[in-house]
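In case you want the letters, here they are:
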Amino acid sequence: MSILIKNGRIVTATDDYFADIFIEGETVSAIGKNLNFSADEIIEAKGKLVIPGGIDPHVHLEMPFMGAFSSDNYETGTLAAMHGGTTTVIDFVIQSQGKSLYDALHEWQGRATGNVYSDYAFHMAVTDFNSETQLEIKDLIEKEGISSFKTFMAYKGALMIDDRQMVGLMNEVKKYGGIVTVHATNGDIIDYLVAKNIATGNVSPKYHYLSQPEITESEATGRFIDMAYQTGSNSYIVHMTCEEGLNKVRDAQKRNQKVFVETCIQYLVLDASVYDKGFESAKWVMSPPIREIKDQKALWSAINQGVIQTVATDHCPFMWKDKLKGENDFTKIPNGAPGIEHRMELLYSEGVNKGKISLNKMVDISSTSSAKIFGMFPQKGTIAVGSDADIIIFDTEKKHVLSASTHHHHCDYSAYEGHEVIGKAETVILRGKVAIDSGNVNINKGYGKFVKRSKLTNII
Ligand code: URP
Ligand code: ZN
Ligand code: ZN
């Protein structure tokens, strides 16, 4: 099977030019002006952008969490991702405390295998680092291609590890060329504020937000960075939301410490006024919470300053019936919101179209940097001869309105209901196959492949 994409404007993280692309099988085999090859399929891309398929480095599909399962499974979640131009997702396998990492891996493989539309990889979340867990790290990196290890500094009793475990994990992961990632918020301060609010009858979703002030994030961010400095571990902070957290990263840069940082599209687009809607605010109960306009501005600046490298979604939707469990107690609202489908179009619409970031930057933060940081480059994350043909033909003129009535998430509300955007992934090619064409799906579940990632020797 071969495809010739004609006359598109090809944009990568570094380049921007007009050319044709010839795809043979699963990979790009030629790029050039006026390519005159015969192909099984010709796609006219005049007037459109031709960009690498998106990589979302932070999603939770069918995740057991806070008494429910996130409502998108591997089938619905990765199909929604593909509709939005995200061709690879990295999901989290979560160790149960008291059990092994491999137990968790087998459980997650059982849910994912054969059900996935996009390509996918796994991070391993280590929630119980001990002498037995330690022995599993080497094989996960070298045999399973899982080279990133997630940690939580909050959610005590379920997911949180202490600092001693953190440095132990960092030292072990470093030996084999992996990276430690973190949900950096101070769980103990949050638990204290939560208990205080509940005790005084402050039970509405707004108190979820008020129980996680900025300092809970900046303190943990600084502590994690110091532990990474002490151990020399590769480090990555997930879902950064706020100015003071970013300043901790800037402090690390002053001593020439490399720390990778992710934010999520909701923190760039929404602000804390979402918590002024009574119980409806449960839709945006996530951790960390949505922050202030000043933080939104700080995040966009940090992208341009190179402090933030990736934009994810932390897609973790729950049906409204599950959110309702917290009607009288915000601690019972499962944390998380839908978004996997909208990341690329929101980045274009709110970022490029409004002059906040360049097109090259959009490609970098939505695809290339994730591929580099997590050991998938140049197989993924760019358009180049030999790379997987994961390519989006993106229509920059297409206006549409985000809504639960039209999205592909398996979730009965939208975090962006009524939000108007300009720009849409029109054609989505995954490993040389036109998977989505103007909203029509041409692949079956199971087409998505697990991406074994290499150890991280020379990350950006
Ligand atoms: O609220 C969130 N973010 N839910 C998913 C789990 C996590 O903390 O990333
Ligand atoms: Zn988190
Ligand atoms: Zn998450």
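We now turn to the structure provided with this report. (Residues numbered from 1 in each chain as written. Chains lettered and ligands numbered in written order. Predicted model: local features only at pLDDT ≥ 70, side-chain atom pairs only at ≥ 80, totals over all residues. Heavy atoms only, no water.)

1. Considerations on the site of ligand 1
Around ligand 1, the surrounding shell consists of His58, His60, Phe65, Tyr155, His183, His239, Met286, Ser287, Asp314, Cys316, Asn335 and Gly336. With respect to ligand 1, the side chain of His183 contributes an N or O atom lying 3.1 Å from an oxygen atom. Asn335 places a main-chain nitrogen or oxygen 3.0 Å from a nitrogen atom of ligand 1. When ligand 1 sits alone it has 260 Å² of accessible area, and the protein chains cover 99% of it. Given that more than half its atoms are within 2 Å of the pocket grid, ligand 1 belongs to the largest cavity. Considered class by class, the residues forming the shell around ligand 1 number 4 nonpolar, 7 polar and 1 charged. (Near = heavy atom within 4 Å. Polar contact = N/O pair within 3.5 Å; in protein donor to acceptor, adjacent residues only side chain to side chain. Areas by Shrake-Rupley, 256 points an atom, 1.4 Å probe, with all protein chains shown as cover. 1 Å grid on protein atoms, 1.4 Å probe; cavity = no way out; pocket = protein on both sides within 12 Å on 5 of 7 lines; lining within 4 Å. Sits in = over half its atoms within 2 Å of the grid points. Nonpolar A, V, L, I, M, F, W, Y, C, P; charged D, E, K, R; others polar.)

2. Concerning the coordination of the zinc ion (ligand 3)
Only His58 (NE2), His60 (NE2) and Asp314 (OD) from the protein coordinate the zinc ion (ligand 3), and they sit 2.0 to 2.2 Å from it. Classification of the site at the zinc ion (ligand 3) rests on its 4 donor atoms, whose angles at the metal span 85 to 132°, yielding the label irregular. The distance between the zinc ion (ligand 3) and the zinc ion (ligand 2) comes to 3.9 Å. With a gap of 254 residues between them, His60 in the loop between strand 6 (54-59) and strand 7 (64-65) and Asp314 in the loop between strand 15 (310-312) and helix 11 (320-323) connect regions that are remote in the sequence. (Donors = N, O, S within 2.8 Å, 3.2 Å for Na, K, Ca; no water. Tetrahedral: all angles 85-135°; square planar, octahedral: opposite > 155°, others 65-115°. Helix = DSSP H or I, 4+ residues; strand = E, 2+ residues; numbered from the N terminus.)

3. Here's the deal with the environment of Trp320
Tracing the sequence through the fold places Trp320 in helix 11. By relative accessible area, which is 24% here, Trp320 ends up partly exposed. The spatial distance from the C-alpha of Trp320 to the C-alpha of Val180 is 33 Å, given a sequence separation of 140 residues. If sequence neighbours within four positions are ignored, Trp320 has contacts with Phe279, Glu280, Ala282, Lys283, Asp412 and Tyr413. (Buried < 20%, exposed > 50% of the residue type's maximum accessible area, 1.4 Å probe, protein only. Contact = heavy atoms within 4.5 Å.)

4. Quick word on the pairing of strand 6
Where burial is concerned, most of strand 6 is hidden: 6 out of the 6 residues are buried. Pairing of strand 6 with strand 9 (residues 86-94), which is carried by 4 bridges, proceeds in the parallel orientation. Paired with Ile55 across the two strands is Thr88, which belongs to strand 9. (Pairing = 2+ DSSP bridges.)

5. Topic: empty space enclosed by the protein
All chains considered together, the criterion is met by 2 cavities of 30 Å³ or more. Space inside the largest cavity adds up to approximately 150 Å³. Together, 20 residues line the largest cavity, and His60, Tyr155, Ser287, Asp314 and Asn335 are the ones closest to its centre. Lining the second largest cavity are Gln266, Met286, Thr313, Ala337, Pro338, Gly339, Ala415 and Tyr416. For the lining of the second largest cavity, a count of residues per class yields 5 nonpolar, 3 polar and no charged. (Points joined across faces, edges and corners; volume = space filled by probe spheres on them.)

6. Focus: the pattern of salt bridges
Under the criterion given, the structure shown has 31 salt bridges. Between Lys283 and Glu280 there is a salt bridge, and its shortest N-O distance comes to 2.8 Å. Look at Glu280 and you get partly exposed, because its relative accessible area is 34%. The closest approach of N and O atoms between Glu350 and Lys354, which form a salt bridge, is 3.1 Å. Judged by its relative accessible area of 9%, Glu350 is buried. (Salt bridge = Lys/Arg side-chain N within 4 Å of Asp/Glu carboxyl O.)

7. Brief notes about helix 5 (residues 187-199)
Between its first and last C-alpha atoms helix 5 spans 18 Å; for 13 residues at 1.5 Å apiece the expected length is 18 Å, and the two agree. The distance from a side-chain oxygen at the start of helix 5 to the backbone nitrogen of Asp188 is 3.1 Å, and the residue carrying that oxygen is Asn186. Just downstream of helix 5 lies Gly201, where phi reads positive at about 80°. (Expected span 1.5 Å × (residues − 1).)

8. As for the packing of aromatic side chains
Applying the stated rule across the entire model yields 11 aromatic pairs. Each ring, one from Phe65 and one from Tyr155, has its centre 5.4 Å from the other, and the planes form 85°; the classification is edge-to-face. Separated by 90 residues along the polypeptide, Phe65 in strand 7 and Tyr155 in the loop between strand 11 (148-152) and helix 4 (163-175) bring together distant segments of the chain. You can call Phe65 buried: its relative accessible area is 11%. With centroids separated by 4.7 Å and ring planes inclined at 65°, the aromatic side chains of Tyr236 and Phe374 adopt a geometry described as edge-to-face. Of the two residues, Tyr236 sits in strand 13 (residues 234-237) while Phe374 sits in the loop between helix 13 (359-373) and strand 16 (391-401), which places them 138 residues apart along the sequence. Take Tyr236 and Phe374: they sit in the same class, and that class is buried. In this structure an aromatic cluster arises from ring pairing among Phe65, Phe152 and Tyr155. (Phe/Tyr/Trp six-rings, centres within 6.5 Å; stacked < 30°, edge-to-face > 60°.)

Geometry only, nothing functional implied.
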